[in-house]
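Below, each chain spelled out in residue letters.
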Amino acid sequence: TDGFRHIRAVPLLAQLTLLAAIAFGVIGVSETVLFAVVGTGLHRPPSFLGVVFSVQGAGSIIAGVTATRLLGRFGTARTVGLALGGFALAAVLYQGGSLPPVLAGALLDGIGVVWLAVGFFTAMQHHSPSRLQGRVSAAGSMMVLTPQTLSIGAGALLIGVVGYRLLLVAMALTIGACATWLLVPPAAPPAETP
């Protein structure tokens, strides 16, 4: 509860946690949607997901190399905003039925995962006193990963009812709105962290 109280008391952490939780409330849908993108969109066997995940891994490597520079230039909130923007654009690219856009989307997903984690957890550590960092990290993780886990199940239920393309549109709109909120007017970081 100390971690939750601290997140709520620091406007930047509250904003990051809320928007990441909303975004991850639909990002988990991609766990199911990618099977449809590969099978229905690309007409490839499920084993082709290995190629898609390899490209995501390459994106994560690129993000790992660039994350420090990005944080220094844009700060934590905008780094998370750029990560979410990458997820939103990936959802748009997955709509196409050809390989290059799908692989570009996978690359953006890989980049987004790392940039989001680096920006989010750097903010949690930087704007929390040492004695609360573990509790703040645990509270933030729970607030983001719980909606993601629920959305994986929701995606599995919805994919047969509404189709994967409509789910991708919902993902792009929701995640894009969260990204915009962080990129345009992010909350100001606290003047001083105790």
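Here the structure is a predicted model, which means the values were calculated and not measured.

Draft legend 1. Region of the structure containing the layout of surface pockets. Taken as a whole, the largest pocket spans an internal volume of roughly 420 Å³. What lines the largest pocket is a set of 26 residues, among which Phe24, Ile27, Phe87, Val113 and Gln148 lie closest to the centre. Those elements that provide at least two residues to the lining of the largest pocket are helix H2 (11-27), helix H3 (30-41), helix H4 (49-93), helix H5 (99-126), helix H6 (133-162) and helix H7 (164-183). Among the elements that make up the lining of the largest pocket, the one with the highest residue count is H5 (seven residues).

Draft legend 2. Layout of unusual backbone geometry. Phi is positive for His43, close to 55 degrees, though the residue is something other than glycine. Along the chain, His43 falls in the loop between H3 and H4. Given a relative accessible area of 66%, His43 falls into the exposed group.

Draft legend 3. Examining the environment of Leu116 more closely. Tracing the chain through its elements places Leu116 in helix H5. When its relative accessible area of 7% is taken as the criterion, Leu116 is described as buried. For the pair Leu116 and Gly64, spaced 52 residues apart in the sequence, the C-alpha separation amounts to 11 Å. With sequence-adjacent residues up to four places away left out, Leu116 is seen in contact with Phe24, Val80, Ala83, Leu84 and Phe87.

Criteria and thresholds
Residues numbered from 1 in each chain as written. Predicted model: local features only at pLDDT ≥ 70, side-chain atom pairs only at ≥ 80, totals over all residues. Heavy atoms only, no water. 1 Å grid on protein atoms, 1.4 Å probe; cavity = no way out; pocket = protein on both sides within 12 Å on 5 of 7 lines; lining within 4 Å. Points joined across faces, edges and corners; volume = space filled by probe spheres on them. Helix = DSSP H or I, 4+ residues; strand = E, 2+ residues; numbered from the N terminus. Buried < 20%, exposed > 50% of the residue type's maximum accessible area, 1.4 Å probe, protein only. Contact = heavy atoms within 4.5 Å.

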